[in-house]
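Breakdown of the fold
Here's the letter readout for the chains.
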Amino acid sequence: GTKLASASWDKTVKVWNALTGELISTLQGHSDYVLSVVWSPEGTKLASASRDKTVKIWNAATGELILTLKGHSEWVMSVVWSPDGTKLASA
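A short tour of the structure in this document, coming up. (Residues numbered from 1 in each chain as written. Predicted model: local features only at pLDDT ≥ 70, side-chain atom pairs only at ≥ 80, totals over all residues. Heavy atoms only, no water.)

Some thoughts on the sheet that holds strand β7 (residues 65-70)
Strand order across the open sheet formed by 4 strands is β4-β5-β6-β7, with antiparallel pairing between neighbours. Of all strands in the sheet, those bounded by a partner on one side alone are β4 (34-39) and β7. Across the sheet, the mean angle from the axis of one strand to that of its neighbour is 20°, orientation sign disregarded. Sheet topology places β4 next to strand β5 (residues 45-50); 5 bridges connect them, and they run antiparallel. Within β5, the residue paired with Val34 across the bridge is Ser50. (Pairing = 2+ DSSP bridges. Helix = DSSP H or I, 4+ residues; strand = E, 2+ residues; numbered from the N terminus. Axes fitted to C-alpha atoms, helices over the stretch in contact; angles between N-to-C directions.)

A closer look at the nonpolar core
Within soluble globular proteins, side chains that are nonpolar tend to cluster in buried spots. The biggest cluster of nonpolar side chains holds 9 residues, and these are Ala5, Val13, Val15, Leu27, Val34, Val37, Leu46, Trp58 and Ala60. Of all the elements in the fold, those that place two or more residues in this core are β2 (12-17) and β4. Not counting residues up to four positions away in its chain, the partners in contact with Leu46 are Ala5, Val13, Val15, Leu27, Val37, Val38, Trp39, Lys56, Ile57, Trp58, Ala60 and Trp81. Grouped together as the second largest cluster of nonpolar side chains are 7 residues, Ala47, Val55, Val76 and Val79 included. (Core = buried A, V, L, I, M, F, W, Y, C linked by side-chain atoms within 4.5 Å. Buried < 20%, exposed > 50% of the residue type's maximum accessible area, 1.4 Å probe, protein only. Contact = heavy atoms within 4.5 Å.)

A few points about the sheet that holds β2
Taken together, the 3 strands give an open sheet; going across it, the order is β1-β2-β3, and neighbouring strands pair in antiparallel fashion. The open sheet has two free edges, formed respectively by β1 (3-7) and β3 (23-28), since each of these has just one partner strand. Direction aside, neighbouring strands of the sheet carry axes that sit 20° apart on average. Note: β1 against β2, 5 bridges, orientation antiparallel.

Note that every value here comes from positions in space, so none of it alone points to a role or purpose.
In structure tokens, the structure reads:
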């Protein structure tokens, strides 16, 4: 693909043009450091994991927050989609 997503200690996810390095969008909504971000297999969503103990799912095209998943009692260090894009694993 031509886009890159980065997780940041500024509590955001940033989407970049991987060819030019231009910032495309900044996704805001976490209340602590974002430690992991991953594209869904079909490329339409992003999932982010944070020290705020949540996983957030974003619309990759619009940057809109789709869903916040709560349930971890400590930081969420990593998140990954299943190959078919129907499930998320977080740790």
